[in-house]
Amino acid sequence: MQMSNQLLRFKKVLHVREVERDITQGELAVKMKEEEVIRERINEIEATRDFAMAEFCAGRDCVMSPQQFWFERQNIEIMEKNLSENRQELDDCLCEIESKKDVLIQRHQNVQIMERYVGKLSESDHRKIIAAEQNNLDDITSMRFLWRAGGRVQQ
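Since this is a predicted model, take the numbers as computed values, not measurements.

What counts, and at which threshold
- Residues numbered from 1 in each chain as written.
- Predicted model: local features only at pLDDT ≥ 70, side-chain atom pairs only at ≥ 80, totals over all residues.
- Heavy atoms only, no water.
- Helix = DSSP H or I, 4+ residues; strand = E, 2+ residues; numbered from the N terminus.
- Buried < 20%, exposed > 50% of the residue type's maximum accessible area, 1.4 Å probe, protein only.
- Contact = heavy atoms within 4.5 Å.
- Areas by Shrake-Rupley, 256 points an atom, 1.4 Å probe, with all protein chains shown as cover.
- Lys, Arg positive; Asp, Glu negative; His and termini not counted.
- Charge placed at Lys NZ, Arg CZ, Asp CG, Glu CD.
- Core = buried A, V, L, I, M, F, W, Y, C linked by side-chain atoms within 4.5 Å.
- Salt bridge = Lys/Arg side-chain N within 4 Å of Asp/Glu carboxyl O.
- Disulfide = S-S within 2.5 Å.

Structural notes on the overall build of the protein
Here is step 1 of the chain: The number of helices and strands found in the protein is two helices and zero strands.
Here is step 2 of the chain: Along the first, second and third principal axes, the C-alpha set of the protein runs to 135 × 20 × 15 Å.
Here is step 3 of the chain: Relative to its 155 residues, the protein shows a buried fraction of 18%.
Here is step 4 of the chain: Taking the contacts inside the protein whose residues are at least 6 apart along the sequence as the reference set, 89% of them involve residues at least 24 apart.
Here is step 5 of the chain: By element, 55% of the accessible surface of the protein is carried by carbon and sulfur atoms, the whole surface being about 11900 Å².
Here is step 6 of the chain: Once the 24 positive and 29 negative side-chain charges of the protein are each reduced to a mean point, those two points are 14 Å apart.

If you want it as structure tokens, here you go:
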């Protein structure tokens, strides 16, 4: 049974589209892992900042110099800046995730369309092969019939 060239070509196209979909799925998984890491980092920074703020605002028994207050406040501001940068990184990552999801949906739809088309081509090829085999069987049967009929007529 010989597959048509058209079917072979479209099976190759289907394979390429499946590979593209799989790659996009992998990229999405990487981005989602990156999101998780950023969220964990943000949680750690928030916990550290909250502890530093509690320490800064706590009533102190000992006398502190203005310079010590200034250093502590600078430390908190650095944490806030770091937190802000990480939140922006998280927002960017979430945008990329949504973009990857859209691309993945499109690629999955392309694969489904191609699978249906390849299925129809395959069914068509199968019907053609069956029809050709049936024609061959009909020809053989006709030849046998004519041969036998010819043999009886001569007797």
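Some points on the nonpolar core
Here is step 1 of the chain: Listed in full, the nine residues of the largest apolar core are Leu28, Ile38, Ile42, Ile45, Leu83, Leu90, Cys93, Ile97 and Leu104.
Here is step 2 of the chain: At five residues, the largest contribution of residues to this core is made by helix α2 (residues 66-154).
Here is step 3 of the chain: Beyond its immediate chain neighbours, meaning those up to four positions away, leucine 90 contacts Glu35, Ile38, Arg39 and Ile42.
Here is step 4 of the chain: Counting six residues, the second-largest nonpolar core is a separate cluster that includes Leu14, Val111, Met114 and Val118.

Re the side chain of threonine 24
Here is step 1 of the chain: Tracing the backbone through its elements, the reader meets threonine 24 in helix α1 (residues 5-57).
Here is step 2 of the chain: A residue is classified by how much of its surface remains accessible, and threonine 24, at 0% relative accessible area, is buried.
Here is step 3 of the chain: The contact partners of threonine 24, leaving out residues within four places of it in the chain, are Lys100, Val103, Leu104 and Arg107.

Examining the environment of valine 111
Here is step 1 of the chain: With respect to the helices and strands, the residue valine 111 is situated in helix α2.
Here is step 2 of the chain: Sequence separation between valine 111 and leucine 14 is 97 residues, and the spatial gap between their C-alpha atoms is 6.4 Å.
Here is step 3 of the chain: Valine 111 has contacts with Leu14, Arg17, Glu18 and Arg21, leaving out every residue within four places of it along the chain.

What to know about the pattern of salt bridges
Here is step 1 of the chain: Taken as a whole and judged by the stated rule, the model has 12 salt bridges.
Here is step 2 of the chain: Put simply, aspartate 22 and arginine 21 hold a salt bridge, and the shortest N to O gap is 3.7 Å.
Here is step 3 of the chain: Overall, the relative accessible area of 42% leaves aspartate 22 in the partly exposed class.
Here is step 4 of the chain: Residue lysine 31 is joined to glutamate 34 by a salt bridge in which the shortest nitrogen-to-oxygen separation is 3.2 Å. With lysine 31 and glutamate 34 both in helix α1, this residue pair falls three residues apart, about one helical turn.
Here is step 5 of the chain: Each of Lys31, Glu34 and Glu96 takes part in a single network of salt bridges with overlapping partners.

Details of the state of the cysteines
Here is step 1 of the chain: This structure, assessed with the given rule, holds zero disulfides.
Here is step 2 of the chain: For the unlinked cysteine cysteine 93, the closest cysteine sulfur is that of cysteine 95, found at 9.4 Å.
Here is step 3 of the chain: The class for cysteine 93 is buried, based on a relative accessible area of 1%.
Here is step 4 of the chain: According to the relative accessible area criterion, cysteine 95 is exposed, its value standing at 55%.

By themselves, these are just geometric observations and shouldn't be taken as functional.
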